[in-house]
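Next come the chains, spelled out residue by residue.
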Amino acid sequence: MTKKYYEAHKKELLEKARKHYLLHKQEYFERNRKWYRKNSAKVLASQRLYRELHPEVIRATVKRSKRSLRLEVLSEYGHRCICCGENREPFLTIEHIGGGGEAHRKSVNGEVYRDIRKQGFPRDKYTVLCWNCNCATRFRKICPHKQEEKCASVLSVQS
Ligand SMILES: [Zn+2]
Ligand SMILES: [Zn+2]
């Protein structure tokens, strides 16, 4: 088949190939599987070699996907500290309502964001705090922001 012929009949040829594929799907599948079984050692070895030669590419890919997952989860929860309104991403963290963050981290091997997405972003279990408010509310203490609000409202009542 010449290139010219291919270009002129591209549409029909693709359609023919697609029909052929649909009719013989199972055979294609079998052939692929056989090929893979025969070459799996080679494929795995070349993947391993690639990983060894380009650890920075792998690291960057992992980092990118982790970051986009984190952004997705934060934005689902409003991307804003529910205490002070901080909305700059590096300051934000997911808060486990009612505690249990450490146990959760352990139970999902550190993949907290992935797990929250898997659960469908339940509003009653997680929310967003900034690191400041997160630290301040550890051990069930009240965040200074809230304390100030309380003081302010008490003062305004008194005056
Ligand atoms: Zn805050
Ligand atoms: Zn706060």
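Structural data are supplied above this passage.
Residues numbered from 1 in each chain as written. Chains lettered and ligands numbered in written order. Predicted model: local features only at pLDDT ≥ 70, side-chain atom pairs only at ≥ 80, totals over all residues.

### Observations concerning the overall build of the protein
For step 1, the next point in the chain: Counting its secondary structure elements, the protein contains eight helices and two strands.
For step 2, the next point in the chain: Listed N to C, the secondary structure of the protein is α-α-α-α-β-α-α-β-α-α in terms of helices and strands.
For step 3, the next point in the chain: Taking 15 Å as the expected radius of gyration for a compact globule of 159 residues, we find that the protein reaches 27 Å, considerably beyond that expectation.
For step 4, the next point in the chain: In terms of principal-axis extent, the alpha carbons of the protein reach across some 90 × 40 × 30 Å. (Helix = DSSP H or I, 4+ residues; strand = E, 2+ residues; numbered from the N terminus. Rg over C-alpha atoms; globule rule 2.2 N^0.38 Å.)

### Details of the nonpolar core
For step 1, the next point in the chain: One finds Cys81, Cys83, Leu92, Val128, Leu129, Cys130, Cys133 and Cys143 forming the largest nonpolar core, which totals eight residues.
For step 2, the next point in the chain: The biggest single contributor to this core is strand S2 (residues 126–130), with three residues.
For step 3, the next point in the chain: Here Cys143 is in contact with Cys83, Cys133, Ala136 and Thr137, once residues within four sequence places are set aside.
For step 4, the next point in the chain: Counting residues in hydrophobic clusters, the runner-up holds five residues, among them Val73, Val112, Ile116 and Tyr126. (Core = buried A, V, L, I, M, F, W, Y, C linked by C-beta atoms within 7 Å. Buried ≥ 20, exposed ≤ 12 C-beta atoms within 10 Å, placed from the backbone. Contact = placed C-beta atoms within 7 Å.)

### Digging into the environment of Tyr21
For step 1, the next point in the chain: Locating Tyr21 in the fold gives a position in helix H2 (residues 10–23).
For step 2, the next point in the chain: Look at Tyr21 and you get exposed, because 11 C-beta atoms sit within 10 Å.
For step 3, the next point in the chain: Residues Tyr21 and Lys118 lie 97 residues apart in sequence; the distance between their C-alpha atoms is 34 Å.

### Considerations on H2
For step 1, the next point in the chain: Over its 14 residues, H2 extends 20 Å from the first C-alpha to the last, a length consistent with the 20 Å expected when each residue adds 1.5 Å.
For step 2, the next point in the chain: Counted residue by residue, H2 has zero buried out of 14 residues, so it is predominantly exposed. (Expected span 1.5 Å × (residues − 1).)

### Observations concerning the pairing of S2
For step 1, the next point in the chain: The buried fraction of S2 amounts to four of the five residues, a majority that puts the element mostly inside the structure.
For step 2, the next point in the chain: Alignment of strand S1 (residues 92–96) against S2, held across five bridges, turns out to be antiparallel. Bridging across to S2, His96 finds its partner in Tyr126. (Pairing = 2+ DSSP bridges.)

### Here we look at the environment of Pro90
For step 1, the next point in the chain: Relative to the helices and strands, Pro90 resides in the loop between helix H4 (55–76) and S1.
For step 2, the next point in the chain: The spacing of Pro90 and Trp131 is 41 residues in sequence and 9.0 Å in space, taken between C-alpha atoms.

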